[in-house]
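Chain by chain, the residues run as shown.
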Amino acid sequence: MLPEIRDAHPARCHCGAVTFEVTLAPGGLATAARCDCSFCRRRGAMVVTAAPGGLRFLSGQDRLTLYQFGTGTAEHHFCSICGIYTHHRRRSDPGQFGVNVACLEGVNPRFLDPVPWNDGVNHPSDRKG
Ligand SMILES: [Zn+2]
């Protein structure tokens, strides 16, 4: 059974400097997925999708650091103190944010597996036509 997730669900990095609230996109925790692009396979996080406007930072937004690579479209955010990935702006849909499911209070990704893998090796934005 999936843990209960509510709108504006509390979330934080590991050290607690960065705290935020997340409202998930329709489907909630069922949007959980992994990705095998060169970056995500190293990061190893399971990601869920936030609803539009569904991210609200309560503290530590100034502690976040940004990593970009390749086309620079995606924005990967991390806590600069504990190094935990919190969220990212999607390359496939820059209006959409992915969130580290393990940052959500009360959610253990172990119990969400198995989740689908996105084909990051053949990213939709790299396909021609
Ligand atoms: Zn932190």
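Residues numbered from 1 in each chain as written. Predicted model: local features only at pLDDT ≥ 70, side-chain atom pairs only at ≥ 80, totals over all residues. Heavy atoms only, no water.

**A look at the coordination of the zinc ion**
Part 1 of the argument: Those donors, Cys13 (SG), Cys15 (SG), Cys79 (SG) and Cys82 (SG), are the protein atoms that reach the zinc ion, and they lie 2.3 to 2.4 Å from it.
Part 2 of the argument: Considering all four donor atoms around the zinc ion, the spread of angles at the metal, 105 to 116 degrees, places the coordination shape in the tetrahedral class.
Part 3 of the argument: When the donors of the zinc ion are listed by position in the chain, the intervening gaps give C-x1-C-x63-C-x2-C. A residue pair is termed long-range when its members are at least 10 positions apart, and Cys15 in the loop between β1 (9–12) and β2 (19–24) and Cys82 in the loop between β6 (75–79) and β7 (85–89) qualify at 67 residues.
Part 4 of the argument: Residue Cys15 is classed as partly exposed on the basis of its relative accessible area, which comes to 39%.
Part 5 of the argument: Among the residues examined, Cys82 registers a relative accessible area of 26% and is labelled partly exposed. (Donors = N, O, S within 2.8 Å, 3.2 Å for Na, K, Ca; no water. Tetrahedral: all angles 85-135°; square planar, octahedral: opposite > 155°, others 65-115°. Helix = DSSP H or I, 4+ residues; strand = E, 2+ residues; numbered from the N terminus. Buried < 20%, exposed > 50% of the residue type's maximum accessible area, 1.4 Å probe, protein only.)

**Topic: the sheet that holds β1**
Part 1 of the argument: The antiparallel open sheet is built from seven strands, whose spatial order is β1-β2-β4-β8-β7-β6-β5. A single partner strand is all that each edge strand has here, and the edge strands are β1 and β5 (64–67). Going from strand to strand, the sheet's axes swing by 35 degrees on average, the running direction of each strand aside.
Part 2 of the argument: Of the pairings in the sheet, the one linking β1 to β2 comprises four bridges and is antiparallel in character. Paired with Arg12 across the bridge in β2 is Thr19. (Pairing = 2+ DSSP bridges. Axes fitted to C-alpha atoms, helices over the stretch in contact; angles between N-to-C directions.)

**Digging into the environment of Arg56**
Part 1 of the argument: Within the secondary structure, Arg56 sits in strand β4 (residues 47–59).
Part 2 of the argument: Residue classification places Arg56 among the partly exposed residues on the basis of a relative accessible area of 49%.
Part 3 of the argument: Residues Arg56 and Val22, 34 residues apart in the sequence, show an inter-C-alpha distance of 6.6 Å.
Part 4 of the argument: In this structure, Arg56 is in contact with Phe20 and Glu21, ignoring residues within four places of it in sequence. (Contact = heavy atoms within 4.5 Å.)

**Description of the state of the cysteines**
Part 1 of the argument: Going through the model one piece at a time under the given rule, you end up with zero disulfides.
Part 2 of the argument: Cys103 takes part in no disulfide bond, and the closest cysteine sulfur to it belongs to Cys13, at a distance of 7.1 Å. (Disulfide = S-S within 2.5 Å.)

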